[in-house]
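Each chain, letter by letter, is given below.
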Amino acid sequence: MKFTIQRDQLIAGVQDVMKAISSRTVIPILTGMKIEAKQHGITLTGSDSDISIESYIPAEENGVVQVEEIEEGTIVLQAKYFPDIVRKLPEKSVEIEVDSSLKVTIRSGKAEFNLNGQDAEEYPHLPKLQTENSFEMPIDLLKSMIKQTVFAVSTMETRPILTGVNLKLANNVLAFTATDSHRLAKREIPVADANMEFQQIVVPGKSLNELYKILDDTEETVEISVTNNQILFRTKHLNFLSRLLDGNYPETSRLIPEQSKTKLQVKTKELLSTIDRASLLAKEERNNVVRLFTQGSSVIEISSNSPEVGNVVEEISVETIEGEELKISFSSKYMIDALKAIEYDEVTIEFTGAMRPFVIRPLNEDSILQLILPVRTY
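Reference entry: report on the structure contained in this document. In this text, all values refer to a predicted model and were calculated from it rather than measured experimentally. (Residues numbered from 1 in each chain as written. Predicted model: local features only at pLDDT ≥ 70, side-chain atom pairs only at ≥ 80, totals over all residues. Heavy atoms only, no water.)

1. Things to note about the overall build of the protein chain
Reasoning step 1: The number of helices and strands found in the protein chain is six helices and 28 strands.
Reasoning step 2: Counting only C-alpha atoms, the protein chain reaches 80 × 50 × 40 Å along its principal axes.
Reasoning step 3: For the protein chain, the proportion of its 378 residues judged to be buried stands at 52%.
Reasoning step 4: Counted over contacts in the protein chain with a minimum sequence separation of 6, partners at least 24 positions apart contribute 66%. (Helix = DSSP H or I, 4+ residues; strand = E, 2+ residues; numbered from the N terminus. Buried < 20%, exposed > 50% of the residue type's maximum accessible area, 1.4 Å probe, protein only. Contact = heavy atoms within 4.5 Å.)

2. With respect to unusual backbone geometry
Reasoning step 1: Although it is not a glycine, S49 sits at a positive phi angle of roughly 70°.
Reasoning step 2: Take S49: it is sitting in the loop between β3 (41-47) and β4 (51-58).
Reasoning step 3: The backbone phi angle of E69 is positive, close to 50°, even though this residue is not glycine.
Reasoning step 4: As for its placement among the helices and strands, E69 is situated in strand β7 (residues 67-71).
Reasoning step 5: E69 gets classed as exposed once you look at its relative accessible area, which sits at 54%.

3. Examining the packing of aromatic side chains
Reasoning step 1: Evaluated as defined, the whole model comprises four aromatic pairs.
Reasoning step 2: Both rings, one in F135 and one in F198, keep their centres 6.3 Å apart while their planes meet at 35°; by these two values the pair is tilted. Note that F135 is positioned in strand β12 (residues 134-138) and F198 in strand β16 (residues 198-204), a separation of 63 residues in sequence. This pair shows no difference in class: F135 is buried, exactly as F198 is. (Phe/Tyr/Trp six-rings, centres within 6.5 Å; stacked < 30°, edge-to-face > 60°.)

4. Considerations on the environment of N228
Reasoning step 1: Of note, N228 is situated in the loop between β17 (221-226) and β18 (230-234).
Reasoning step 2: Taking relative accessible area as the criterion, N228 reaches 73% and is therefore assigned exposed.
Reasoning step 3: Each C-alpha atom, one on N228 and one on I201, is 8.6 Å from the other, the two residues being 27 residues apart in sequence.

5. Looking at the packing of helix α3 (residues 139-149) against helix α4 (residues 205-214)
Reasoning step 1: Contact geometry for α3 and α4: axes closest at 10 Å, N-to-C directions at 140°. What the angle tells us is that α3 and α4 run oblique. Considering the relative orientation of α3 and α4, their crossing is left-handed. Contacts from L142, K143, I146 and K147 of α3 reach α4 at L208, L211 and Y212.
Reasoning step 2: Partitioned by chemical class, the residues of the contact of α3 with α4 number five nonpolar, no polar and two charged. (Axes fitted to C-alpha atoms, helices over the stretch in contact; angles between N-to-C directions. Parallel < 35°, antiparallel > 145°, perpendicular 65-115°, else oblique. Left-handed = near helix turned anticlockwise from the far one by under 90°. Nonpolar A, V, L, I, M, F, W, Y, C, P; charged D, E, K, R; others polar.)

6. A look at the sheet that holds strand β25 (residues 327-331)
Reasoning step 1: The sheet built from four strands is open, its strands ordered β23-β22-β21-β25 with antiparallel pairing. A strand with exactly one partner marks an edge of an open sheet, and here the two such strands are β23 (310-317) and β25. This sheet shows a mean twist of 25° between the axes of neighbouring strands, independent of strand direction.
Reasoning step 2: Sheet topology places strand β22 (residues 299-306) next to β23; eight bridges connect them, and they run antiparallel. Counted as the bridge partner of I300 is I316 from β23.
Reasoning step 3: Relative to the sheet, helix α5 (residues 268-278) contacts β21 (289-295), β22, β23 and β25, its axis offset from that of β23 by approximately 170°.
Reasoning step 4: Across the sheet, helix α6 (residues 332-341) lies against β21 and β25, angled at about 80° from β25, the strand it touches most. (Pairing = 2+ DSSP bridges.)

7. Here we look at the pattern of salt bridges
Reasoning step 1: Following the criterion strictly, the structure yields 19 salt bridges and no others.
Reasoning step 2: E112 serves as the salt-bridge partner of R107, at 3.3 Å between the closest nitrogen and oxygen.
Reasoning step 3: By relative accessible area, which is 47% here, E112 ends up partly exposed.
Reasoning step 4: Ionic pairing is found between D180 and R183, a salt bridge with its closest N-O pair at 3.4 Å. For the pair D180 and R183, one class covers both residues: buried.
Reasoning step 5: Residues joined by salt bridges that share partners form a network here, namely E95, E97, R107 and E112. (Salt bridge = Lys/Arg side-chain N within 4 Å of Asp/Glu carboxyl O.)

8. Describing the packing of α5 against α6
Angle between the axes and distance between the axes: these two values describe a pair of packed helices.
Reasoning step 1: For the pair α5 and α6, the least separation of the axes is 10 Å and the interaxial angle reads 155°. Taken together, the axis directions place α5 and α6 in an arrangement best described as roughly antiparallel. The chirality of how α5 crosses α6 is left-handed. When α5 is examined against α6, the residues T268, L271, L272, I275 and D276 are found in contact with a partner set consisting of S332, M335, I336, L339 and K340.
Reasoning step 2: Its residues assigned to classes, the contact of α5 with α6 shows six nonpolar, two polar and two charged.

9. Considerations on the environment of Q199
Reasoning step 1: Secondary-structure assignment places Q199 in strand β16.
Reasoning step 2: Given a relative accessible area of 43%, Q199 falls into the partly exposed group.
Reasoning step 3: Separated by 66 residues in sequence, Q199 and Q265 place their C-alpha atoms 33 Å apart.
Reasoning step 4: Look past the residues within four positions of Q199 in its chain and what remains in contact with it is N166, L167, K168 and A170.

10. Section: the nonpolar core
Reasoning step 1: In terms of nonpolar packing, the biggest core is built from 68 residues, with F3, F82, F135 and L174 touching the most fellow members.
Reasoning step 2: Membership of the second largest hydrophobic core comes to 30 residues, among which are I328, Y334, V347 and I368. (Core = buried A, V, L, I, M, F, W, Y, C linked by side-chain atoms within 4.5 Å.)

11. As for the sheet that holds β7
Reasoning step 1: On the basis of which strands lie adjacent, the open sheet formed by five strands has the order β7-β1-β9-β10-β11 and antiparallel pairing. If you trace the sheet from one side to the other, it starts and ends with β7 and β11 (111-116), each paired once. Strand after strand, the sheet turns through a mean of 15° between neighbouring axes, direction not considered.
Reasoning step 2: Here strand β9 (residues 93-98) runs beside strand β10 (residues 103-108); their pairing, made up of four bridges, is antiparallel. Across the sheet, residue E97 finds its bridge partner in β10, namely T105.
Reasoning step 3: Running over the sheet, helix α1 (residues 7-18) touches β1 (2-6) and β9 and is turned about 95° from β1.

Such coordinate-based values are descriptive only and should not be taken to indicate function.
Now the structure itself:
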């Protein structure tokens, strides 16, 4: 195997696949990175058996030659050393050559590294997903759906299914739902020509966080395909494959209250910064509890009280308050997370009493929903 490649392209590809490589893996060869050279381009692969990432560098793109002098072949290189070597090479182009005894030579300018490679035959084959069952969506939309939900997954392994985000596609509507049983985040979007439906697909939160970091904003769309235990996100230069979590995701729709007793409309940034300030004194308690009181028809009071530290009270004007008076306590962290995820200037918050979950939505926008369970303090 032999090829010469632009260093910048190689670095970008290597950084992407490194996100799937773990030094603690049961299968030793997975601590390495697989490189496959074909006449049309180079494919880099990294996997930790939960996530697998393939990054493709075409030999020529938009009239620019990125890889040349290609002699086909495959090799697995130690991921512990290879990325650092590539990053620090002196020249703009890199030549990589593998001999018959799997010795790898990396040359750039006057620098030459020799590494021991491993036989790529021993590298596990990634499952090939049938892409009949697939649909496309814009990358920026997928990223915003991940951002608005993934923070609410559980970090506790006691209920593994809650450490993932539930994806549901029915009647041409795609919904992402995440909950840790104290809060819930949901986002829906219409999907045009989806030739498939699914109910119970749960993608690990960790996978979606990595996908979010790696998706390239310069590309337009991502193709999503699903099989019984894997999901594939595919763009022109990237295949991102994740395993799915086993088990049944709980039915969350009944948690969402139908009607409300108190309803606020408020500017998102103002409420966010007020709760952020109130939480400064609530650090000691495990939930960082803050309280919200409604006063009249246009003012709410946000307060926090921590006996050893002190207390903080701040009034904030809201656009409207409808319904009953309310005193409620909740985790400031959950509220801050929820408000940060809603990228709208104003939100409505609907309460059904001090002990019932309350719902936060952007003004006049039902496709995004955040739900939080209050904390008992009275």
